[in-house]
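Here is what each chain is made of, one letter per residue.
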Amino acid sequence: MSKLKPLSLALLLTGCAAMSLAHAAADGAATETLRVPGLYKKAEILIDKWGVPHIYAASQTDAFFVQGFNAARDRLFQIDLWRRRGLGQLSEVFGPAYVAQDQATRLFLYRGDMQREWDSYGKQSERVATAFVAGINAYVDFVTAHPERLPYEFRQLAYLPARWRPEDVVRIRSHGLTRNLSSEVARANVACKADLKSDEIRFGLTPKWEAMMPEGLDPCLPKDLLKVFQLATQDVKITKDSLNARADDHGDSIRIAAAENLEETMEGSNNWVVAPSKSATGRAIMANDPHRAYSAPSLRYITHLSAPGMNVIGAGEPALPGVSIGHNGTIAFGLTIFNIDQEDLYVYELNPDNPNEYKYQGKWEPFTVLHEQIEVKGGAPASADLSFTRHGPVIFVEKEKNRAFAVRSGWLEPGMSPYFGSIDYMRAKNFDSFKRAMLNWGAPTENQVYADVKGNIGWVPGGLAPKRPNWDGLLPVPGDGRYEWAGFWRGDQLPSTYNPKQGWFASANQMNLPDDYPYRERKLGFEWTNNSRFTRISEVLASLKKVSLKDSMRLQNDDLSIPARRLAALLKPLTSSDAQTQAALNVFNGWDYVERVDSPQAALYEVWLTRHLGKAFKDAVLSKEAAAAMGAPDVAVVLDTLEQPQTQVRLGANAAEAAKKRDDIMLTSLGGAYAEMVKLQGDDAGKWQWGKLHHNLMEHPLAGVVDEAMRAKLNVGPLPKHGGAYSPNQSTYRPSDFRQTNGPSFRVVVDVGNWDNSVAVNSPGQSGDPDSPHYRDLADKWLNGEYFPLLYSRKAVEKATTQRIVLEPAR
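Residues numbered from 1 in each chain as written. Predicted model: local features only at pLDDT ≥ 70, side-chain atom pairs only at ≥ 80, totals over all residues. Heavy atoms only, no water.

Asks: Looking at this model, I keep getting lost on the overall build of the protein chain. Mind explaining?
Replies: When you go through the protein chain residue by residue, the secondary structure sums to 26 helices and 32 strands. Its C-alpha radius of gyration of 27 Å places the protein chain within 12% of the 28 Å reference for a compact globule of 811 residues. Dimensions of the protein chain along its principal axes, counting C-alpha atoms only, are 85 × 70 × 55 Å. Every one of the 811 residues in the protein chain was classed for burial, and the buried ones make up 62%. (Helix = DSSP H or I, 4+ residues; strand = E, 2+ residues; numbered from the N terminus. Rg over C-alpha atoms; globule rule 2.2 N^0.38 Å. Buried < 20%, exposed > 50% of the residue type's maximum accessible area, 1.4 Å probe, protein only.)

Asks: Explain helix α19 (residues 579-587) here, please?
Replies: Helical geometry: 3.6 residues make up each α-helical turn, so side chains three or four residues apart lie on a common side. Of the residues making up α19, those classed as buried are T581, A584, L585 and V587. Considered in projection along α19, the buried side chains sweep an arc of 155° and stay on one side of the axis. Looking at the buried residues of α19, the elements they touch are α18 (562-571), α20 (600-621) and α23 (655-681). (Arc of directions from axis to C-beta. Contact = heavy atoms within 4.5 Å.)

Asks: What's the story with the state of the cysteines in this structure? I'm lost.
Replies: By definition, a disulfide links two cysteine residues through a covalent bond between their sulfur atoms. Within the structure shown, the criterion is met by one disulfide. In this model, C192 is linked to C220 through a disulfide, with the two sulfur atoms separated by 2.1 Å. The disulfide joining C192 to C220 has a torsion of about 100° about its S-S bond and is therefore right-handed. Linking C192 in helix α9 (residues 181-193) with C220 in the loop between α10 (199-202) and α11 (227-233), this pair joins segments that are 28 residues apart in sequence. (Disulfide = S-S within 2.5 Å.)

Asks: Would you mind showing me how to read the side chain of R522 here?
Replies: Relative to the helices and strands, R522 resides in helix α15 (residues 519-522). Discounting residues that sit within four places of it in the chain, R522 has contacts with P466, W489, Q493 and Y517.

Asks: Help me understand the pairing of strand β6 (residues 285-291) in this model?
Replies: Working note: regular strand, side chains alternate between the two faces of the sheet. Burial analysis of β6 places seven of its seven residues in the buried class, which makes it a mostly covered element. Of the two faces of β6, both are covered, the one formed by I285, A287, D289 and H291 as well as the one formed by M286, N288 and P290. Note that strand β5 (residues 268-274) and β6 share seven bridges and pair antiparallel. Within β6, the residue paired with V274 across the bridge is I285. Bridging between β6 and strand β29 (residues 746-751) involves four bridges; their strand directions are antiparallel. (Pairing = 2+ DSSP bridges.)

Asks: What's the story with the sheet that holds β29 in this structure? I'm lost.
Replies: Hydrogen bonds between backbone groups are what pair the strands of a sheet, and the pairing can be parallel or antiparallel. As summarised here, the arrangement of the six strands in space is β24-β5-β6-β29-β30-β31, forming an open sheet in which the pairing is antiparallel. The sheet is open, and its two borders are formed by β24 (504-507) and β31 (788-789), each paired with just one other strand.

Asks: Can you help me understand the pattern of salt bridges in this one?
Replies: Between side chains of opposite charge, a pair can form as their charged atoms come close. One pass over the full model with this rule turns up 47 salt bridges. Here K359 makes a salt bridge to E349, at a shortest N to O gap of 3.7 Å. With a gap of 10 residues between them, K359 in strand β12 (residues 354-360) and E349 in strand β11 (residues 343-351) connect regions that are remote in the sequence. Residue class for K359 comes out partly exposed when judged on its relative accessible area of 27%. Its salt-bridge partner being R536, residue E539 comes within 2.8 Å of it at the nearest N-O pair. Of this pair, E539 and R536 both sit in helix α16 (residues 532-543), three residues apart, roughly one helical turn. When salt bridges with common partners are traced through the structure, they connect E44, R794, E798 and R804 into a single cluster. (Salt bridge = Lys/Arg side-chain N within 4 Å of Asp/Glu carboxyl O.)

Asks: Sorry, what's going on with the packing of α18 against α23 here?
Replies: When two helices pack together, their arrangement is given by the angle between the helix axes and the distance between those axes. Interaxial distance between α18 and α23 falls to 11 Å at its minimum, and their mutual angle equals 110°. As judged from the angle between their axes, α18 and α23 are roughly perpendicular. Here α18 contributes L567, L570 and L571 to the contact with α23, which in turn contributes R662, M666 and L670. A breakdown of the residues in the contact of α18 with α23 according to their chemical character gives five nonpolar, no polar and one charged. (Axes fitted to C-alpha atoms, helices over the stretch in contact; angles between N-to-C directions. Parallel < 35°, antiparallel > 145°, perpendicular 65-115°, else oblique. Nonpolar A, V, L, I, M, F, W, Y, C, P; charged D, E, K, R; others polar.)

Asks: Before we go on, may I ask you to explain unusual backbone geometry in this structure?
Replies: The general pattern is negative phi for most residues beyond glycine and trans for most peptide bonds. Along the chain, A296 connects to P297 via a cis peptide bond; the corresponding omega equals 0°. Examined against the element boundaries, P297 turns out to sit in the loop between β6 and β7 (301-307). Backbone torsion omega between G717 and P718 reads 10°, so that peptide bond is classified as cis. Unlike most non-glycine residues, N509 shows phi in positive territory, near 70°. Position of N509 relative to the elements: it lies in the loop between β24 and α15. Here F738, not a glycine, exhibits a phi torsion of approximately 65°, which is positive. As for its position among the elements, F738 is in the loop between β27 (732-733) and β28 (740-742).

Asks: Is there a simple way to explain α18 in this structure?
Replies: For α18, the tally of buried residues reaches seven of 10 residues, placing the bulk of the element in the interior. Taken residue by residue, α18 has I562, P563, A564, L567, A568, L570 and L571 as its buried positions. Against the buried residues of α18 lie α16, α19, α20, α22 (635-643) and α23.

Asks: Can you walk me through the packing of α18 against α20 in this structure?
Replies: Close contact between α18 and α20 brings their axes to 11 Å; oriented N to C, the two are set at 85°. Classed by the angle they form, the pair α18 and α20 counts as roughly perpendicular. Across the interface between the two elements, P563, A564, L567 and L571 of α18 pack against Y605, W608, L609 and L613 of α20. Across the contact of α18 with α20, the residue classes break down as eight nonpolar, no polar and no charged.

Asks: Quick question: what am I supposed to make of the packing of aromatic side chains here?
Replies: When we look at a pair of aromatic rings, we describe it by the centre distance and by the angle of the planes. Scanning the model with the defined rule gives 39 aromatic pairs in all. Ring geometry for W50 versus F788: centroids 5.6 Å apart, planes at 10°, classification stacked. You can see W50 sitting in the loop between β3 (43-48) and β4 (53-56) and its partner F788 sitting in strand β31, a full 738 residues away along the chain. For W50, a relative accessible area of 14% puts it in the buried group. Centroid distance Y348 to Y358: 4.9 Å. Interplanar angle 70°. Geometry classified as edge-to-face. Taken together, the residues span a long stretch of sequence, with Y348 in strand β11 and Y358 in strand β12 at a distance of 10 residues. For the pair Y348 and Y358, a shared accessibility class is recorded, and that class is buried. Put simply, the rings of F333, Y425, F431, F434, W441, Y450 and Y498 pair up and form one aromatic cluster. (Phe/Tyr/Trp six-rings, centres within 6.5 Å; stacked < 30°, edge-to-face > 60°.)

Asks: How do you make sense of the nonpolar core when you look at a structure like this?
Replies: Here is a general trend for soluble globular proteins: nonpolar side chains tend to be buried in one another's company. In this structure, F94, F108, I395, F434 and L807 are the most contacted members of the largest nonpolar core, which totals 172 residues. With 12 residues, the top contributor of residues to this core is helix α2 (residues 60-87). Excluding residues that lie within four positions of it along the chain, F108 makes contacts with R173, F229, A232, P393, I395, V407, W411 and L412. Core analysis: the next-biggest nonpolar cluster, separate from the first, contains 50 residues, V190, L571, L622 and Y726 among them. (Core = buried A, V, L, I, M, F, W, Y, C linked by side-chain atoms within 4.5 Å.)

Asks: I'm lost on the environment of E676 in this one. Help?
Replies: By the element assignment, E676 lies in helix α23. Remark: the alpha-carbon pair of E676 and S623, spanning 53 residues in sequence, is separated by 26 Å. When neighbours within four sequence positions are excluded, E676 is seen to be in contact with V607, R611 and H612.

Asks: Help me understand the environment of L335 in this model?
Replies: Tracing the backbone through its elements, the reader meets L335 in strand β10 (residues 331-337). Along the chain, L335 and S433 lie 98 residues apart, while their C-alpha atoms are 17 Å from each other. In contact with L335, other than residues within four places in its own chain, are S269, N271, N288, R300, S324, I325, Y419, Y425, E446, N447 and Q448.

Any link to function would need more than the numbers given here.
Put into structure tokens, the structure is as follows:
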């Protein structure tokens with residue numbers, strides 16, 4: 001592809017209104033004054049030495065306006081790309097390769113009643129969104145009038161940022177953390193190729209449950225069934241080929257390959273709250289580290305909003321108003337994912353005489369079809385025909401079997417804009433008001449932890465939970481009317497806790513329904529994350545007489561692997577006559593199960609776990625057809641089976657036979673892992689290092705279309721990385737190249753009541769501008785488990801301010 005030419009700004013800026021600028025210096029901080037249309041009264045943005053903006057406004061409306069203005073100032077390309085992706089408008093600026101993704105995304109836009117949508121988030125929601133996007137638009141107008149301030153990416157790709165509408169903030173749903181559509185299809189595939197029982201190796205169900213095949217379902221599904229869904233929910237992939245594609249590309253050049261191992265892409269998180277009786281400070285503590293994909297800039301953004309009646313600080317999505325994790329000077333709050341199943345795949349019989357109709361309750365019902373035009377850079381608009389059934393968007397038509405497939409998702413209901421509902425709970429002042437705000441929380445499904453200045457702590461899960469009267473949601477179902485949602489469980493029908501006796505509460509996406517919860521009736525979900533992180537967090541918190549802020553910081557960065565400890569215990573009594581296998585056993589002698597960057601044991605263990613043990617286990621306990629029908633097995637199932645071989649019929653007819661087979665699986669696969677490590681890092685096992693394999697790369701969206709020098713400026717890394725997928729400091733990676741795919745880029749520990757003593761980190765930095773000192777200045781702190789002060793009081797903020805932006809109304 002020929003080198004992209006920067007656009008002619010002189011032509012594009014014609015007719016754009018300019019804003020006046022003034023520069024001064026005060027109190028040692030660089031000061032800039034801007035006159036901004038749309039602002040009611042003077043406001044200030046004080047940017048501290050770590051890049052955190054502290055916004056002071058005369059009203060809450062102005063505060064949200066300035067939040068939007070500042071988000072655009074620091075993250076304009078990121079939020080513009082988020083909006084284009086979510087609305088299906090990528091082709092307009094990137095060309096025909098993105099038509100397929102735009103069409104897919106438009107299927108999952110919220111298209112319901114907007115008044116019901118706004119009302120779902122509380123009476124102030126529309127006002128908040130309107131002010132926020134007005135601020136974004138004010139900054140878009142500013143850079144349009146002042147081309148020297150236009151971010152690099154727009155100049156490189158030759159287009160200008162778009163203006164927003166308030167409804168853009170909430171109509172976009174495809175960035176939500178979805179579940180469990182992909183797993184339904186994977187389970188059906190195993191049932192088709194082998195049997196449903198074999199799927200228990202792919203994903204162990206909790207609480208105790210056995211998946212049931214819905215009556216009338218043919219589980220043999222088409223290969224590309226999820227292509228449209230994956231395009232609709234994936235990130236934006238920009239390559240030289242995609243920018244230079246022809247109109248017949250069909251989206252193949254921008255598809256991101258699906259992960260072989262489901263856990264590669266599962267979003268995690270940790271949070272905990274500690275009561276004053278258990279706290280070394282005598283005050284409550286709230287700690288949270290959400291685990292998401294890594295990128296440059298970070299997916300999170302820390303902001304402080306101060307206005308009459310509101311003083312909240314913490315992190316959120318940069319394209320959304322408010323704060324979803326942090327505190328408001330009275331309460332602190334943090335979130336992890338609570339695994340409610342909000343998706344179902346429906347399978348329809350098509351009318352053989354009219355393929356535009358599907359069978360429902362014995363009658364042929366027509367698809368609803370919307371016709372939209374997709375603007376395409378450098379070409380004519382593309383026509384998009386978007387088909388819907390009564391349940392949701394159609395993602396595939398299988399002509400060979402005369403079937404169609406559609407998705408019903410909770411996140412297409414009113415009030416389901418991911419994270420937007422935080423504008424309500426972030427204002428709560430006590431547990432009752434916090435619970436009320438969470439009653440109607442829609443998405444993503446969350447474990448919210450709570451702590452307040454009076455010393456109270458609690459847990460409130462939230463999320464729209466469908467009622468499935470006659471099935472469990474684990475497999476696709478016929479869309480003929482036999483399998484219908486019967487409304488939703490109320491928010492107060494989810495469990496919760498307040499001031500637990502043990503003095504602390506933690507969640508790490510594990511199955512945490514109480515023993516007496518009626519899970520068989522409510523069937524919230526059966527696919528929960530591996531409980532190893534929670535096991536480690538709970539054993540550390542329980543072991544400490546008093547928990548300090550530093551204890552919480554250390555725990556967030558804890559790299560001890562519970563699965564490694566369990567597997568090492570199984571290996572300890574074993575020996576081998578094979579020299580290489582015995583050498584592998586010897587490597588683990590004396591290991592403390594901490595996955596340090598320079599650890600030989602961690603290197604061998606991870607290569608064994610993800611490249612050898614899982615495959616050997618599958619091959620030993622499954623038929624050839626079943627093993628081929630799935631990717632990596634569930635690590636929790638592998639560990640439970642290896643620890644209790646006598647209870648597993650798959651391993652042998654009796655206890656002795658099962659134990660021998662277990663030992664053979666472990667020793668043979670471990671020997672193979674040792675041989676691979678010799679190839680990867682040489683004969684001297686003492687010199688092996690986990691960090692020479694495992695690495696983090698925070699990649700910029702344009703990394704694939706720029707030269708090497710610019711790529712090094714845009715990307716942060718690769719960085720040698722410690723940790724693994726199952727320690728509190730989650731470091732999930734692709735087994736193909738050991739690149740980290742998931743983990744905690746943002747961490748916060750809040751000293752509830754002594755707010756200036758709170759700490760945070762956000763990697764690689766706060767800014768999205770590669771030339772900013774705050775683009776990558778926090779990456780080393782994040783990597784080394786360090787933090788900066790999350791300042792809250794005006795006095796402390798003023799002292800740490802390095803840049804002051806004064807915004808004045810333009811009259």
